[in-house]
Amino acid sequence: QVQLVESGGGLVQAGGSLRLSCAASGRTFNTYTMGWFRQAPGKEREFVARITKSGDRTHYADFVQGRFTISRDNAKNTVYLQMNSLKPEDTAIYYCAADPSYFPLNYDYWGQGTQVTVSS
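A brief look at the structure comes next. (Residues numbered from 1 in each chain as written. Predicted model: local features only at pLDDT ≥ 70, side-chain atom pairs only at ≥ 80, totals over all residues. Heavy atoms only, no water.)

Applying the stated criterion to the full structure yields 1 disulfide. Between the sulfur atoms of C22 and its disulfide partner C96 the distance amounts to 1.9 Å. As the torsion about the S-S bond is roughly 45°, the C22-C96 disulfide counts as right-handed. Placement of the pair is C22 in strand 3 (residues 18–24) and C96 in strand 9 (residues 92–99), with a sequence separation of 74 residues. We note that C22, like C96, is buried. (Disulfide = S-S within 2.5 Å. Helix = DSSP H or I, 4+ residues; strand = E, 2+ residues; numbered from the N terminus. Buried < 20%, exposed > 50% of the residue type's maximum accessible area, 1.4 Å probe, protein only.)

One open sheet accounts for 4 strands, arranged 1-3-8-7; its pairing is antiparallel. Where the open sheet ends on each side, the last strands, each with one partner, are strand 1 (4–7) and strand 7 (68–73). On average, each strand axis in the sheet is tilted by 15° relative to the strand beside it, whichever way the strands run. The pairing of strand 1 with strand 3 spans 4 bridges and is antiparallel. Within the sheet, the bridge partner assigned to S7 lies in strand 3 and is S21. (Pairing = 2+ DSSP bridges. Axes fitted to C-alpha atoms, helices over the stretch in contact; angles between N-to-C directions.)

Scanning all chains against the criterion turns up 3 salt bridges. The salt bridge involving D90 is made with R38; its shortest N-O contact spans 2.9 Å. Of this pair, D90 sits in the loop between strand 8 (78–83) and strand 9 while R38 sits in strand 4 (residues 33–39), placing them 52 residues apart in sequence. When sorted by exposure, D90 lands in the same class as R38, which is buried. The residue D90 makes a salt bridge to R67 at a minimum N-O spacing of 2.7 Å. (Salt bridge = Lys/Arg side-chain N within 4 Å of Asp/Glu carboxyl O.)

The following block contains the structure:
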């Protein structure tokens, strides 16, 4: 089992940047595929990005359009989401998730989320 704690959210102006972090408990972090998701008010949760267990491959939602970068540091049990050129429509609660599958359809473990608000 793994516990996830996100941090780094906040209020930023459009065009600004934020880096989200997700710290995982346990000593088996490198056995989990990690993902970032988000949920805006009144909308369903949506996929943002995913990174493989070793960090050698990443995958992004189309709306990212080169603005976000997911990365991980297995020595620190942490996954990051660097978000640049933020837009008001990026406002949402951002969640990290972990799953032992290589290409998860449903993630087993979730953090509590961190709020990102982008002002226009």
